[in-house]
Amino acid sequence: MIRLDHVGKTYRTRRGDQVHALEDIDLEVGDAEFVTLVGASGCGKSTLLKVVAGLTPPTRGSVRLRDAVVREPCPDVGFVFQQPVLLPWRSVLDNVLFSVEMLGLDVKPYRKPAGDLLDLTGLAGFETKYPRELSGGMQQRVAICRALLPGPSLLLMDEPFGALDAMTREEMSLELLRIWDERRTTILFVTHSIPEAILLADRVVVMTPRPGRIARVLAVDLPRPRTMELEFDPRFKAASDAVRSLIFAGRATTR
């Protein structure tokens, strides 16, 4: 699904200084795979998502989506941000439909799929409500529905649950796993939470401090479907310890 070859990204500040955000990133993500990215703040996780999405070009290397070089935003890619970024003057249903409007598609055929997504995420009956009438978790569910409605083959998620309280965050993690299990959309998910990264993923990509490199890619050997009780599994603790040691070591290791 995704292939990154020797990807690097350098920014130039207003003062003319260069900031090396990413360095020599090689990564492949398979079809229907759930991959999480973890690392210290500022290590380039969000930048990597933007490069994959075509929102910013790499300085070096290339990104391919199904063998096509990514040079600009692709309609086959959905993006969910940390904040829901809903339009306050539009209802829940109209916010979900906004993604197909932006693609220039006829909205009518998408009304039923939008309703099905709202039902899937527990939002049936809230179609006519406005963002101010929803909790933070419900708003983020609307944002996920909006990203999924056009049927993207790839979903990029940049700390989508980071602003939620702990209990809502766990609930949303399980909700996302349920949606992924049903739809099998390829997901690349950025998080600061090591337990969240392990709970969700087939593989966890651990990044080094800036310039962000891949320290190691760890396969998660845990059964699906997953529940919060897995955190008590010795394999979960072993994976957490491995990820934590890599992050705090602050240096790349052999994959």
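Residues numbered from 1 in each chain as written. Predicted model: local features only at pLDDT ≥ 70, side-chain atom pairs only at ≥ 80, totals over all residues. Heavy atoms only, no water.

*Asks:* How would you summarise the sheet that holds strand E2 (residues 18-29) if you had to cite specific residues and measurements?
*Replies:* Strand order in the open sheet made by the four strands is E2-E1-E4-E5, with antiparallel pairing throughout. A single partner strand is all that each edge strand has here, and the edge strands are E2 and strand E5 (68-69). Relative to E5, strand E4 (residues 60-65) is paired through two bridges, and the arrangement is antiparallel. When the sheet's bridge partners are listed, Arg64 is paired in E5 with Val69. In the packing of helix H1 (residues 45-53) onto the sheet, contacts are made with strand E1 (2-12), E2 and E4, and the angle to E1 comes to roughly 115 degrees. (Pairing = 2+ DSSP bridges. Helix = DSSP H or I, 4+ residues; strand = E, 2+ residues; numbered from the N terminus. Contact = heavy atoms within 4.5 Å. Axes fitted to C-alpha atoms, helices over the stretch in contact; angles between N-to-C directions.)

*Asks:* Hey, could you go over the nonpolar core for me, with residue numbers and the actual values?
*Replies:* Membership of the largest hydrophobic core comes to 54 residues, with the highest contact counts inside it found for Val204 and Val206. Sequence-distant contacts of Val204, that is, excluding residues within four places in its chain, are made with Thr36, Val38, Ala197, Ile198, Arg216, Val217, Leu218, Val220 and Val243. Counting 30 residues, the second largest nonpolar core, distinct from the first, contains Val29, Leu37, Val70 and Met207. (Core = buried A, V, L, I, M, F, W, Y, C linked by side-chain atoms within 4.5 Å. Buried < 20%, exposed > 50% of the residue type's maximum accessible area, 1.4 Å probe, protein only.)

*Asks:* So what's going on with the pattern of salt bridges? Which residues, and what values?
*Replies:* Counted by the stated rule, this structure contains 15 salt bridges. Between Asp5 and Arg3 there is a salt bridge, with its nearest N and O atoms 3.1 Å apart. You can call Arg3 partly exposed: its relative accessible area is 41%. By sharing partners, the salt bridges in this structure join Arg3, Asp5 and Glu28 into a single network. (Salt bridge = Lys/Arg side-chain N within 4 Å of Asp/Glu carboxyl O.)

*Asks:* Any chance you could break down the packing of aromatic side chains for me, citing the residues and the numbers?
*Replies:* Applying the stated criterion across every chain, the model contains four aromatic pairs. Judged by centre distance (5.8 Å) and plane angle (70 degrees), the ring pair of Phe34 and Trp180 falls under edge-to-face. One end of the pair, Phe34, is in strand E3 (residues 34-38); the other, Trp180, is in helix H5 (residues 166-183), and 146 residues separate them in sequence. Each member of the pair, Phe34 together with Trp180, is buried. Relative to Phe81, the ring of Phe79 has its centre 4.5 Å away and its plane inclined at 20 degrees; by these criteria the two rings are stacked. Among the residues examined, Phe79 registers a relative accessible area of 17% and is labelled buried. What links up through ring pairs into an aromatic cluster is the set Phe34, Phe161, Trp180 and Phe189. Over the ring of Trp180 we find Arg184, and its NZ or CZ is 4.1 Å from the ring centre. (Phe/Tyr/Trp six-rings, centres within 6.5 Å; stacked < 30°, edge-to-face > 60°. Lys NZ or Arg CZ within 6 Å of the ring centre and 35° of its normal.)

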